[in-house]
Structure formats: C-alpha cells, structure tokens
Amino acid sequence: MKRQYIYDKDSFRFKKSGKNVAGILGRILKYFIASVSLAVLYYIVFALFINTDTERKLQNENDMFETIYPDMKAKEELLSDVVEGLKVKDNEIYNGIFHSPAPYSGDFFLEGLIAEEDSVRDADMVAFSAARLELMEKMTDRVEANFREIYALLGDDGTAVPPLFLPLTDFTPARTGASVGNKMNPFYKVGAYHSGLDIVAHAGDSVVAAADGIVSKVIRSRKGQGNVVVIDHGNGYSTKYAHLEDIRTAAGRKVVRGSLVGHVGVSGNSFAPHLHYEVIKDTVSLDPLHYFFGSVDPYRYADMLYYSVTTGQSMD
C-alpha cells in the first residue's frame, strides 16, 4: 500500500498524510445538501411548468365550475324563494280553508343529534324515534280533527264549498300567467295592482264555472275587463271571469261546476287571448292558485306557482 506524504511548511519537512474524518464528513454533507436542493428545484420546476393528465383534468373541472357557478347560485336562490313562497302560500291556504296553520314536521334529524360524531348512539336514536313518534301522533290527531270539521261543514246545508276547480277544461301549468300582486301593465309599462290570475288560452276555448253558484253579474263591454261574468258561490265566495269573447249565461241563472260560462277572447283591454280569473272572498281578491286543489296534483301546483311568481307582466 502506497503512503502519501505532505510538506509541512512550519517544520520544513515531509510528513505522512493522515485521514481527516471531519473533512470527509463535511464533503459528504455538502454533497447531500446539494443533491436535496437540486431535487427540490427539479420538483418545483416540474410542479409549476409541467402538468400531469390528472392535474389538467382537475384544472378543466375548476374552470368549468367557475363558469357555471354564478348561474347555479342564481337558480339556487330562485328555488329558495319559490320554496319559501310555497311555505307561505301553504300556510295561507290552511288558514283560509282549514282555519289552522299548516303542519310542520320539523327537520328530519333533531338539532344536535348528529354533531361531530360519525355515528349516532343507540340511546340518541331511541330518543329521537320516540320524539318523532310523539310528534307524528299529535299531527295525526290534528289532521283527523281537521277532517272531522270539514265533514261537518260539508254536511251542513248552509255551508258553501269554496271554488276549488279550474275554470278551463284544457289546461297545462305552462299556461299560468301573472297572479295577484303588483305587476307590469302591458300597455303603460308601469307597475299596477293585478287582482286576478291570467290563464293563457286559445281564443274560443270554453270557460266553465269553478263551482256551483248563481250568476250575480253579467257585463258586456269593450273597455276595462271587457265581457265579464261573476258567480256567487255563497259563504262570501265569488268568482269573476273576464275578457270573454262571448257570454253563454245570464244574471240570476243557477249554475253547477263545469257549466259553460263563455269563451276565451280579447274583449276590453287585453294584450292577448287569455282568461282573467278572480276568486273573491267578502270583496277581497284572493290568489286563485290557492283554490286549485280539486283540479291539479301537488307537482302541477308547484309548476303553476313557479310560473306565477316568475311572471312579472300581466296581460291586461
């Protein structure tokens, strides 16, 4: 084995070179730090400038979500408004017809039942089920009492049933126009109170009585609401059918539900062929949508409510 010598400038002689452990460790540490730094640099460059297929797909999805999010948010807010409107109208319906507030079953889970835990304890589930059962029993008793009251009212000869049917024989929810409230007038383009429901229809479509009653008023005119028929249903309820093309009944005549009243037209100040339909209780104009339970199912009713809420311009 060859030995290496180094010149010692202090003693002016050659000495054997020994292994410097500290120097070796220092060189190893330098190489390690340089390698790690280079690896980190490569990773940063790769992450910033080179995208994998998965990253490109995720980026495309993010771009798509950013594009459609405003529209989704607007639709969600609109649906929330419609749902809140349904709750309010349901409560008004129950108060007007059943003389009690609409039942509310509460949230499916009781508040605090599931907090930050991943599972529900048996004791909590038993308590929750018992509380729900008690609530449902109370609701059942309440519904039964309401039905007993309704049957009693129906059995009373002096009680008149509100007009609960559609005044048109052929109807789809998409024909629902503006309902009661402040709407844009189609002629003057200003906000004005609209006292009824616009139902879009073809000229000449048959208009029928929404319930049994007696024709209390017949108006033939080329102004205002045009040709009008008003039917008194008793118990303070009456219905109005306006902008008729012609009138097929007479004042004082007794009619039954489904009797022909006239035909859809554009008489008076009418923007297009349609039926202006009103439900009146003791001289107060009500929203006719509240009284269509005898003609439509809940899904069609929800569609009709959506159209009436989103339609900002009346047709008369």
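These numbers were taken from a predicted model, which means no experiment stands behind them. Just so you know, the residues in each chain are numbered from 1, in the order the chain's sequence is written. The model is predicted, so local features are restricted to residues of pLDDT at least 70 and side-chain atom pairs to those at 80 or more, both for listing and for counting; the totals for chains, interfaces and linings are taken over all residues. As a convention, hydrogens and water are excluded, and side-chain values are obtained from all of the structure's heavy atoms.

Here we take up the packing of aromatic side chains. For this analysis, a ring pair means two rings from Phe, Tyr or Trp (six-membered ring only for Trp) whose centres lie within 6.5 Å, classed as stacked if their planes differ by under 30 degrees, edge-to-face if by over 60, and tilted for the remaining angles. All chains considered together, the criterion is met by five aromatic pairs. Judged by centre distance (6.3 Å) and plane angle (75 degrees), the ring pair of Phe187 and Phe271 falls under edge-to-face. Taken together, the positions of Phe187 in the loop between β3 (181-184) and β4 (191-194) and Phe271 in the loop between β11 (260-264) and β12 (274-281) put the pair 84 residues apart, joining distant regions of the chain. Assessed through its relative accessible area of 40%, Phe187 is described here as partly exposed. Three labels apply to residues, based on accessible area from a 1.4 Å probe with only protein chains included: buried if under 20% of the type maximum, exposed if over 50%, partly exposed otherwise in between. Relative accessible area serves as the criterion here: at 48%, Phe271 is assigned to the partly exposed category. Both rings, one in Tyr306 and one in Tyr307, keep their centres 5.9 Å apart while their planes meet at 70 degrees; by these two values the pair is edge-to-face. Taken together, the ring pairs connect Tyr241, Tyr277 and Phe292 into an aromatic cluster. The ring of Tyr237 carries the charged tip of Lys281 above its face, separated from the ring centre by 4.5 Å. Helix and strand definitions here come from DSSP, where helices need a minimum of 4 consecutive H or I residues and strands a minimum of 2 consecutive E residues; each element is numbered from the N-terminal end. Only lysine NZ and arginine CZ atoms are considered, and such an atom sits over a ring when it is within 6 Å of the ring centre and within 35 degrees of the ring normal.

Pairing between strand β7 (residues 213-219) and strand β10 (residues 254-255): two bridges, direction antiparallel. Following the sheet pairing, Gly213 is matched in β10 by Val255. Two strands pair when backbone bridges link them, and β7 and strand β8 (residues 227-234) are joined in this way by five bridges, in the antiparallel orientation. Considered in β8, the bridge of Ile214 is made with Asp232. For two strands to pair, DSSP has to find at least two bridges joining them.

Here, expected helix span is obtained from the residue count minus one, scaled by 1.5 Å. Taking 1.5 Å of rise per residue, the 13 residues of helix α4 (residues 298-310) would be expected to cover 18 Å, and the 18 Å separating its terminal C-alpha atoms lies within 8% of that figure. Those residues of α4 not exposed but buried are Tyr301, Met304, Leu305 and Ser308. What you see down the axis of α4 is that its buried residues fit within an arc of 100 degrees, all on one side. Its side-chain oxygen 3.1 Å from the backbone nitrogen of Tyr299, Asp297 forms the N-cap of α4. In this description, one arc is meant: the one made by directions from the helix axis to the C-beta atoms. Here a polar contact means two N or O atoms within 3.5 Å. Within protein one must be a hydrogen donor candidate and the other an acceptor candidate, and residues neighboring in sequence count only if both atoms are side-chain atoms.

Buried residues dominate strand β9 (residues 237-247), accounting for nine of its 11 residues. Note that β8 and β9 share six bridges and pair antiparallel. Paired with Asn227 across the two strands is Leu244, which belongs to β9. Hairpin connection, β8 to β9: the antiparallel pair is bridged by two residues, and Asn235 has positive phi, about 60 degrees. With six bridges joining them, β9 and β12 adopt antiparallel strand pairing. Each bridged residue has a counterpart across the sheet, and for Thr239 the counterpart in β12 is Val279. Strand direction decides the pairing type here: β9 and β11, joined by three bridges, are antiparallel.

Turning our eyes to something else, we now look at the pattern of salt bridges. Think of a salt bridge as a Lys or Arg side-chain nitrogen and an Asp or Glu carboxyl oxygen that are within 4 Å of each other. Enumeration over the complete set of coordinates arrives at three salt bridges. The salt bridge involving Arg175 is made with Asp205; its shortest N-O contact spans 3.7 Å. With Arg175 in the loop between α3 (122-155) and β3 and Asp205 in the loop between β5 (197-200) and β6 (206-208), this residue pair connects regions lying 30 residues apart in the sequence. A relative accessible area of 22% places Asp205 in the partly exposed class. Asp282 serves as the salt-bridge partner of Lys281, at 4.0 Å between the closest nitrogen and oxygen.

Moving on: the environment of Val207. Assignment of secondary structure puts Val207 in strand β6. In the structure, Val207 is positioned 68 residues away from Leu275 in sequence and 8.1 Å away in space, judged by C-alpha atoms. Throughout, a residue-residue contact means that at least one pair of heavy atoms, one from each residue, lies within 4.5 Å. Apart from the residues lying within four places of it in its own chain, the contact partners of Val207 are Pro167, Leu168, Tyr241, Leu244, Ser259, Leu260, Val261, Gly262, His263, Val264 and Leu275.

Of note in the backbone geometry, Asn235 takes a positive phi value of approximately 60 degrees without being a glycine. Counting through the fold element by element, Asn235 comes out in the loop between β8 and β9. Accessibility expressed as a relative area gives 46% for Asn235, which makes it partly exposed. Positioned with a positive phi, Asp282 is a non-glycine residue whose angle comes to about 55 degrees. Inspection of the secondary structure puts Asp282 in the loop between β12 and β13 (284-286).

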